[in-house]
Protein chains: 8
Amino acid sequence: MSVIFDYLRHHRIGLPESVYCEGKDANILNDLLAELVQKASHPVLFTRLASRQLSLLDPALTGLLDYDEISLTAYLNGVFPQLEKGSVAIVAAGTSDLGVTLEAGRTLSYLGIRNTVYADVGVAGFWRLQERIEEINTHNVVIVVAGMDAALASVVGGMTDRPVIAVPTSIGYGVAKGGTAALNSMLASCASGLMVTNIDNGYGAACAAFRILRNQYAG
Amino acid sequence: MSVIFDYLRHHRIGLPESVYCEGKDANILNDLLAELVQKASHPVLFTRLASRQLSLLDPALTGLLDYDEISLTAYLNGVFPQLEKGSVAIVAAGTSDLGVTLEAGRTLSYLGIRNTVYADVGVAGFWRLQERIEEINTHNVVIVVAGMDAALASVVGGMTDRPVIAVPTSIGYGVAKGGTAALNSMLASCASGLMVTNIDNGYGAACAAFRILRNQYAG
Amino acid sequence: MSVIFDYLRHHRIGLPESVYCEGKDANILNDLLAELVQKASHPVLFTRLASRQLSLLDPALTGLLDYDEISLTAYLNGVFPQLEKGSVAIVAAGTSDLGVTLEAGRTLSYLGIRNTVYADVGVAGFWRLQERIEEINTHNVVIVVAGMDAALASVVGGMTDRPVIAVPTSIGYGVAKGGTAALNSMLASCASGLMVTNIDNGYGAACAAFRILRNQYAG
Amino acid sequence: MSVIFDYLRHHRIGLPESVYCEGKDANILNDLLAELVQKASHPVLFTRLASRQLSLLDPALTGLLDYDEISLTAYLNGVFPQLEKGSVAIVAAGTSDLGVTLEAGRTLSYLGIRNTVYADVGVAGFWRLQERIEEINTHNVVIVVAGMDAALASVVGGMTDRPVIAVPTSIGYGVAKGGTAALNSMLASCASGLMVTNIDNGYGAACAAFRILRNQYAG
Amino acid sequence: MSVIFDYLRHHRIGLPESVYCEGKDANILNDLLAELVQKASHPVLFTRLASRQLSLLDPALTGLLDYDEISLTAYLNGVFPQLEKGSVAIVAAGTSDLGVTLEAGRTLSYLGIRNTVYADVGVAGFWRLQERIEEINTHNVVIVVAGMDAALASVVGGMTDRPVIAVPTSIGYGVAKGGTAALNSMLASCASGLMVTNIDNGYGAACAAFRILRNQYAG
Amino acid sequence: MSVIFDYLRHHRIGLPESVYCEGKDANILNDLLAELVQKASHPVLFTRLASRQLSLLDPALTGLLDYDEISLTAYLNGVFPQLEKGSVAIVAAGTSDLGVTLEAGRTLSYLGIRNTVYADVGVAGFWRLQERIEEINTHNVVIVVAGMDAALASVVGGMTDRPVIAVPTSIGYGVAKGGTAALNSMLASCASGLMVTNIDNGYGAACAAFRILRNQYAG
Amino acid sequence: MSVIFDYLRHHRIGLPESVYCEGKDANILNDLLAELVQKASHPVLFTRLASRQLSLLDPALTGLLDYDEISLTAYLNGVFPQLEKGSVAIVAAGTSDLGVTLEAGRTLSYLGIRNTVYADVGVAGFWRLQERIEEINTHNVVIVVAGMDAALASVVGGMTDRPVIAVPTSIGYGVAKGGTAALNSMLASCASGLMVTNIDNGYGAACAAFRILRNQYAG
Amino acid sequence: MSVIFDYLRHHRIGLPESVYCEGKDANILNDLLAELVQKASHPVLFTRLASRQLSLLDPALTGLLDYDEISLTAYLNGVFPQLEKGSVAIVAAGTSDLGVTLEAGRTLSYLGIRNTVYADVGVAGFWRLQERIEEINTHNVVIVVAGMDAALASVVGGMTDRPVIAVPTSIGYGVAKGGTAALNSMLASCASGLMVTNIDNGYGAACAAFRILRNQYAG
């Protein structure tokens, strides 16, 4: 039982296949990593790679990885060359959502997209957002990461004309637990033209931003 | 089978019993109205009284009612004397929520509480809210009526130090349908100290504001 | 009680305010329309305007509207000038979703974005999609409209490198009723980088595509 | 990546910013605590600070905290001066909800509001509530903390004319698990004018009571 | 396609088969009624028989029915002989729930069980319940019918040692809509030993009471 | 905007494309019907064709249809030749589910599969099922149609060794409303090897049975 | 902060107060136990007392308890005298539900009610139930404990004329996880007159049976 | 308290009883295993047997088991003789679902059905599926195991005329967590005639395939 990696996907649809590690057996993961170390000629991204999983793999192999324990991502063979133009602002409501925020940032860096994180600019401290909105608008795409009521997405959506990708997070308690309240708030936003990803899907938001910028600048 | 009205409730707990009409049989409603016309010595409020229901009652009786077809409320024997001090700002995201907004307003007027409606100040047109926030803050209590993502409640909550009562509304489609998204967004608000009522419960929000102001100014 | 229209929004954030009609009282809608006929100097879009509502308005005013009864949209003062570059492919799984599909199309046309509808290319008749995918990929942005299992979104996402905006629809029965199954399927898609809107939100998908193309070609 | 604390919030909206610790990385929390020890001139409240998190911080810093392990709250620089007038009754259905009850109580004490806890007065032992209702009514605001069926909130709401803030709790099993049954029961209460917070949100209830009393006595 | 009626069920399990009419085609219902008029030698109960359905049946047949338009029940061949001992108190929170209350009452009468309805004794007007509780306790079984927060069930459960059967109702709005909040509140009741039926199932509650009393007095 | 019919699907995957009519515009449906009358050389099935829709179509065209108003199905060009071997038992809990039951039956007949309906054999009248189980087991596949608690599916599943396809129905009230309770009961059945379709999906169950029998007897 | 025990409840409503331990702090529990050892003159029942909690209490006190680790119940001062007449059959679908089954059994024994457990008589092995149904029917009340599809409750309900109390359990996976599928199946049962408790509430079912039998035999 | 095993079930309904171990007490499990070692003359399958449970049983007994730690299944007395004809293709979207995939495979092997696993053929790497579809179609029945959006089931359903049994899995995050999104996507599939099992129910899918093949080849 082994994984069949799609080595040529980036040639077909622009985005390389990455390795989603959650729920994968350590043996299978180790075999795949060994194969990739041998065969992959381009950078490979691992997502949702828990420290606990990492510790079960062959150290000789994991030593080749650039691992980040907050975003649970790892690079093999570094990252893709940076796109000359285009950049992404990642706006986050608080440091509780840092894992998701950095998953988006690390995925963008892997894909060669410049990006800047604006953390802790939640609606309750509105002045923090107002101080930064002009700088945020110098980027081509805005990713908003927020949990709880996710009001930040609506507010940012009303202050920028850039494409806005909203990522709900699962941090919270009571009705906010699991992220459904944030997700629904973003989907129902009164700000026109928000685009939403799955809860905690910083990776997907980065891929979406990549699709937008690659067509704009590399097409 | 008849309704036993609680004529003395306003003596016991300050708030008079009102008549919730939804789902009540027309015959029972007519009997109750006839009894109240004869026996009630104080103003009586009817809520959720649909035009269709009203048309099935005895015109000689309904002629005595002050009925409003948008809020679906009616007064019998006018309203209570106005409290000398204290007032409520009712802030609404749009005219789609007008029925709920006016249910709150008409209930406050019935209870003798001055109130002003600030409609159509949604987050997407943020300048409309900013232009009015100073005036809104001259009131003692703020009721926020909002559907969809209900981001207005969080934003207002961050711009006022007044007690804020948030009323989610059921207007909307997709995930916003029925008002659960707005309710959860308000409950999970990152603005501290919001208090929330049931979906579309303009009446309850007015009663809550009455409890606050009556204790403050009439206690 | 009247609506305060945001005449200058398109100067501030690029997207003009449009009039969402669902749940709006006919009198309020009529007053707003009369005001817009007098004051609006740019094209105005009405969405979710039911035939039944339209019939309650002043015919002298509604005669000025370009109304489409399938998408429930109307234009006042025509549409914005067409952007010279950039176009959108709207891919739909079936004619049951036609209202949502055309809401997206009519909104794009209003905003001056060229667009083509590819209807009835569902997964069950896979050959219909394969025959058109090359042409679909000549557009800059792809909007996928689908209900039921929404598998079309994942399949299209795997066959294009364009930004993909997925719109779940509420058509369906049993677990598909209301569109939540389609929404969740799109959010959980194994195709990387899909962006999702609220259920039946063709308008929002068009605004999102506008944000992408306006930044690309008009920025 | 660091937290930007809002040192001036209590000047702007009356309520100081507090530090919500759930899900925050220990390093970030430690940095913030170190900064606050140096820069904060007013009392600071930490909420949802688990013992496990506390044990990961610098003992030299945590030694400055007044920590309570049941409510998971901590004070830095003590509490605000007590408001001369006004007090809050916190009524709880049982000792299973003690954590939430004390979070409300400790937050009120921090904000300078006198408060008394009336624990274990559930509906099943109705005489316990009846014996205390007169004393409860000597307070200005009543907070009701209850899980399971939350019937206590409705019963108390019918026995007092004070503003009532209802806090559902997540304690329970089966349909009561997570607190949604209690939340919905409070929102749907037949007692008029209840105001509800998120599940387990003792902190929010205290902030709401503070908004009410501050406007009444300190305005 | 015809219905096969279970003429002998009351011999086998004590309870006769009744005819649940909701969703049944008028032709099939008419055929069944015609057959029962000819063949049934014992009383037969029809439940959820809407006036609209009734009007589509053969008047010569429906003329033989004792129909009640509030409870939507009909008797054919009258009712069973009254059990000599045992009676049921049906306690209801308000007249909005009258249909369900009377479905329980009419079913009990059909089964030969004496019963008394105590309507409009909701928790908000607690004195109305306290005035009647002694009389209620003279019955052998208590059925509580309540919607919204269903707090009445918990309160009654704490004031009687009789078997208590709780029937949630679907009347209500917002989170109370459809009756799930009432159902969960009853299931999670802090009063020990409540037994609950499906939402709006007055018929089932009556059958449950019949099982209890039949075993007690007729066994 | 027109429908592109898949005339050759039955050559590709064995099952012809059928026309799902729910939510389809009458003009589009009429155009499709006109095209099929001209071009289709094989039998065509229409499902979920409401009487109201039918009445909006060209009578000259609808006159060619074999329409059944209970199952909402119609045949154009008759049905496929009957498969020589193999038959299906359709077991239904009651006549309330007749529409779904007959949708399964009419679809099987259209596909050329012999089938027999065993209606009104619910668990409450267990003897009715026991009397027929032997005959039911003479068929090759068993389809069980049931709403409410759907216990019939589990019971039948324990009494036959045939493939069992379970179809939950939406008939019911309270927790049974919409069919989710029946669906989940079938999915969680303690009888091993049940296969389940979407709620009310008689058509899908028939197609599934066709897949089984076609491979067995026509492969 | 201490618990106020209701020593006289069994005099008031027949059922003594028991101690629900889930979520209770060990210190509070220990204080209460110490108090009860000194003051309680009647048997006291502890429910949901986890082994882990027990191990944190004073061994001198816990040594006085009769603890059962499967049902998580403990007796202090033994049990109440056995009622001379009346008994309960507890029918369970499988040994996976044993904890709930024994919670019901141990509570009945505590209350002085004779009871017999019939375990592992699930619907899939129908003969096991048929072999025992006659003996089950010699009892006065039947409690059915079942998870998954809970079809056992419907089947037993159709084979007995005794009062049937149905207890859904949370054992299961997928849609059965948490017990909602079993709960809804029982509430929607086609067997008339089932009475249902909260998920896993063996204690409540026993109290309900006690209410029935106490009124029948001790009234 | 012991388990009563149904030794003769395979004689009655073709499928032997297997032992579902989740939630079963170790003592009870050990007793049952000891009994089966002595009395069972045919192969017995254990499912959901966690390693942790296994380690608590008597090694002398567990040494007789053929245990697989990924699928959590064990064989006692080997497997049933292989059916001469008929085979099953198990198609899986990824290695994250391997546990469920192998539960299906191991159960089929136990029942004597030949089967082949086609893993990692997800929709995002569509070419992997296209390369294998011809070989997949050489089998008599197709089982599709998929989580997330479960689009694989719809796509496979449109490429084969074989009976398709779809097994949703619980792997995933956000809206995909727990498997409901995959389940609903499969139930709502636009591919006709899919049959669905409970989430993660590889065992059930194998039993369903066995019912189909046994009737086809062993009937």
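### As for the overall build of chain A
Moving on, step 1. For chain A, the helix and strand inventory stands at nine helices and nine strands.
Moving on, step 2. Relative to the globule expectation of 17 Å for 219 residues, the C-alpha radius of gyration of chain A, 18 Å, shows essentially globular dimensions.
Moving on, step 3. The principal-axis extent of the C-alpha atoms belonging to chain A is close to 50 × 45 × 25 Å.
Moving on, step 4. Within chain A, contacts between residues at least 6 apart in sequence are counted, and of these 71% link residues at least 24 apart.
Moving on, step 5. For chain A, the computed accessible surface area is about 7,100 Å², with 49% contributed by carbon and sulfur atoms.
Moving on, step 6. The averaged location of the 20 negative side-chain charges in chain A is 5 Å from the averaged location of its 15 positive side-chain charges.

### Remarks on the sheet that holds strand β2 (residues 44-47) of chain C
Within a beta sheet, neighbouring strands are joined by backbone hydrogen bonds and run either parallel or antiparallel to one another.
All names here are of chain C.
Moving on, step 1. Taken in spatial order, the four strands make up an open sheet running β1-β2-β4-β3, and their pairing is mixed. This sheet does not close on itself; its edge strands, each paired only once, are β1 (19-20) and β3 (66-68).
Moving on, step 2. Where β3 lies against strand β4 (residues 73-76), three bridges are found, and the strand directions are antiparallel. Note that in β4 the partner of D68 across the bridge is T73.
Moving on, step 3. Packing against the sheet, helix α5 (residues 98-110) makes contact with β2, β3 and β4, and its axis sits at approximately 15° to β4.

### Points about the interface of chain C and chain F
Moving on, step 1. Listed by partner, the interface residues are 17 residues for chain C and 20 residues for chain F.
Moving on, step 2. Contact between chain C and chain F buries roughly 1,600 Å² in total, counting both sides, with carbon and sulfur atoms accounting for 57%.
Moving on, step 3. Where chain C packs against chain F, one counts zero salt bridges.
Moving on, step 4. Counting across the interface, chain C meets chain F through three residue pairs in polar contact (both at pLDDT 80 or more).
Moving on, step 5. Those elements that place two or more of their residues in the side of chain C that touches chain F are α5 and α6 (126-136) of chain C.
Moving on, step 6. With three residues, α6(C) is the largest single contributor of residues to the side of chain C that touches chain F.
Moving on, step 7. Considering only residue class, the side of chain C that touches chain F consists of nine nonpolar, five polar and three charged.

### Some thoughts on the sheet that holds strand β2 (residues 44-47) of chain F
Residue and element names in this part refer to chain F.
Moving on, step 1. Here we have four strands laid out as an open sheet, ordered β1-β2-β4-β3, and mixed in their pairing. At either margin of the open sheet sits one strand with a lone partner, and together these are β1 (19-20) and β3 (66-68).
Moving on, step 2. Seen against the sheet, helix α5 (residues 98-110) touches β2, β3 and β4 (73-76) and runs at an angle of roughly 15° to β4.

### Brief notes about the relation of the copies chain C and chain F
Moving on, step 1. With an RMSD of 0.0 Å, the fit of chain C onto chain F corresponds to turning through 90° and sliding 0.0 Å along the axis. Between the two chains, the operation in question is that of a four-fold axis. Closest approach to the rotation axis within chain C is made by the C-alpha atom of C:G178, at a distance of 8.3 Å.

### Section: helix α2 (residues 26-39) of chain H
Moving on, step 1. Spanning 14 residues, α2(H) covers 20 Å between terminal C-alpha atoms, matching the ideal 20 Å at 1.5 Å per step.
Moving on, step 2. Taken together, the buried positions of α2(H) are occupied by H:I28, H:L29, H:N30, H:L32, H:L33 and H:L36.
Moving on, step 3. Contacts from the buried residues of α2(H) go to α5 (98-110) of chain G together with β1 (19-20), β2 (44-47), α3 (51-54), α4 (59-62) and β4 (73-76) of chain H.
Moving on, step 4. A side-chain oxygen of the first residue of α2(H) lies 3.1 Å from the backbone nitrogen of H:N27; this N-cap is H:D25.

### Some details on the arrangement of the chains
Moving on, step 1. Contact between chain B and chain G is absent, and the least distance between their C-alpha atoms amounts to 21 Å.
Moving on, step 2. What separates chain B from chain H at the closest point of their C-alpha atoms is a distance of 13 Å, and the two make no contact.

### Observations concerning the interface of chain A and chain C
Moving on, step 1. Contact with chain A, which involves 29 residues of that partner, is made by 29 residues of chain C.
Moving on, step 2. Regarding the contact of chain A and chain C, the summed buried area is about 2,600 Å², with carbon and sulfur atoms giving 51% of it.
Moving on, step 3. Remark: the boundary between chain A and chain C carries two salt bridges.
Moving on, step 4. Across the pair A:D161 and C:R214 runs a salt bridge whose closest N-O atoms are separated by 2.8 Å.
Moving on, step 5. Taken together, chain A and chain C are joined by 17 residue pairs in polar contact (both at pLDDT 80 or more).
Moving on, step 6. Breaking the side of chain A that touches chain C down by element, the ones donating at least two residues are β8 (164-168), α8 (180-187), β9 (194-196) and α9 (202-218) of chain A.
Moving on, step 7. In terms of residues, the side of chain A that touches chain C owes the most to one element, α9(A), which gives nine residues.
Moving on, step 8. Considering only residue class, the side of chain A that touches chain C consists of 15 nonpolar, ten polar and four charged.

### Thoughts on the relation of the copies chain A and chain C
Moving on, step 1. When chain A is fitted onto chain C, the two copies agree to an RMSD of 0.0 Å after a turn of 180° and an axial shift of 0.0 Å. Taken together, the rotation angle and the small translation identify this as a two-fold axis.
Moving on, step 2. An overlap of 100% is found between the interface residues of chain A and their copies at the interface of chain C, pointing to a shared contact surface.

### Examining the side chain of G:T62
Moving on, step 1. Within the secondary structure, G:T62 sits in helix α4 (residues 59-62).
Moving on, step 2. Among the polar contacts made by the side chain of G:T62, one reaches the main-chain carbonyl oxygen of G:P59 at a distance of 3.4 Å.

### Description of the state of the cysteines
Moving on, step 1. By the definition in use, this model includes zero disulfides over all chains.
Moving on, step 2. Just so you know, B:C190 is unpaired, no disulfide at all, and the nearest cysteine sulfur is the one on D:C207, 13 Å from it.
Moving on, step 3. Here E:C21 stays unpaired: no disulfide links it, and the sulfur of E:C207, its closest cysteine neighbor, is 14 Å away.
Moving on, step 4. You can call E:C21 buried: its relative accessible area is 0%.

### Some details on the pattern of salt bridges
Moving on, step 1. Taken as a whole, this structure holds 40 salt bridges over all chains when the rule is applied.
Moving on, step 2. A salt bridge links H:R48 to H:E22; the shortest N-O distance between them is 3.7 Å. Residue H:R48 is found in the loop between β2 and α3, and its partner H:E22 is found in the loop between β1 and α2; the two are separated by 26 residues along the sequence.
Moving on, step 3. A network of salt bridges, in which partner residues are shared, links A:E22, A:R48 and A:E103.

### Section: the packing of aromatic side chains
Moving on, step 1. This structure, assessed with the given rule, holds 24 aromatic pairs over all chains.
Moving on, step 2. For the pair G:Y173 and H:Y20, a centre-to-centre distance of 6.0 Å together with 35° between the ring planes defines the contact as tilted. With one member in each of two chains, G:Y173 in the loop between β8 (164-168) and α8 (180-187) and H:Y20 in strand β1 form a pair that bridges those chains. Each member of the pair, G:Y173 as well as H:Y20, is classed as buried.
Moving on, step 3. Centroid distance H:Y75 to H:Y110: 6.1 Å. Interplanar angle 20°. Geometry classified as stacked. With H:Y75 in strand β4 and H:Y110 in helix α5 (residues 98-110), this residue pair connects regions lying 35 residues apart in the sequence.
Moving on, step 4. Take H:Y75: its relative accessible area is 6%, and that puts it in the buried class.
Moving on, step 5. Directly above the aromatic system of D:Y75 lies the positively charged group of D:R106, at a separation of 4.1 Å from the ring centroid.

Definitions and cut-offs
Here the residue numbering is sequential within each chain, running from 1 through the sequence in written order. Think of it this way: whatever chain is written first is A, whatever ligand is written first is 1, and the rest follow in order. Reporting in this predicted model follows two pLDDT cut-offs: at least 70 for local features of residues, and 80 or more for side-chain atom pairs to be given and counted; totals over whole chains, interfaces and linings ignore these cut-offs and use all residues. Side-chain numbers here rest on the full set of heavy atoms in the structure, without hydrogens or water. Numbered from the N terminus, helices here are DSSP runs of H or I no shorter than four residues, and strands are runs of E no shorter than two. Radius of gyration: over C-alpha atoms. The globule rule applied is 2.2 Å multiplied by the number of residues raised to the 0.38 power. Residue contacts are defined here by distance: any two heavy atoms, one from each residue, within 4.5 Å place the two residues in contact. Reported accessibility uses the Shrake-Rupley method at a 1.4 Å probe radius. Residues are deemed covered only where the shown protein chains occlude them. Positive: Lys, Arg. Negative: Asp, Glu. His and the chain ends are not part of the count. Lys charges are placed at NZ, Arg charges at CZ, Asp charges at CG and Glu charges at CD. Whether two strands pair depends on DSSP finding at least two bridges between them. Note on method: axes are straight lines fitted to C-alpha atoms, helices fitted across the in-contact stretch only, with angles between N-to-C directions ranging 0 to 180 degrees. Summed over both partners, the accessible area (1.4 Å probe) lost when two parts come together is defined as the buried area. In the sections that follow, a salt bridge refers to a side-chain nitrogen of Lys or Arg positioned within 4 Å of a carboxyl oxygen of Asp or Glu. The definition of a polar contact used here is a pair of N or O atoms within 3.5 Å, where within protein one atom must be able to donate a hydrogen and the other to accept one, and adjacent residues in sequence count solely through side-chain atom pairs. For this classification, the nonpolar set comprises Ala, Val, Leu, Ile, Met, Phe, Trp, Tyr, Cys and Pro, the charged set comprises Asp, Glu, Lys and Arg, and every other residue, Gly included, is treated as polar. Copies are brought into register by a least-squares superposition over C-alpha atoms of residues with pLDDT of at least 70 in both. How far a helix is expected to stretch is found by multiplying one less than its residue total by 1.5 Å. Summary of the burial criterion: residues with accessible area below 20% of their type's maximum are buried, those above 50% are exposed, and those between are partly exposed, where the area comes from a 1.4 Å probe applied to protein chains only. What counts as a disulfide here is a pair of cysteine sulfur atoms lying within 2.5 Å. To pair, rings of Phe, Tyr and Trp, with the six-membered ring standing in for Trp, must have centres within 6.5 Å; the planes then decide the type, stacked if under 30 degrees apart, edge-to-face if over 60, and tilted in the middle. In our convention, an over-ring charge means Lys NZ or Arg CZ found within 6 Å of a ring centre and within 35 degrees of that ring's normal.

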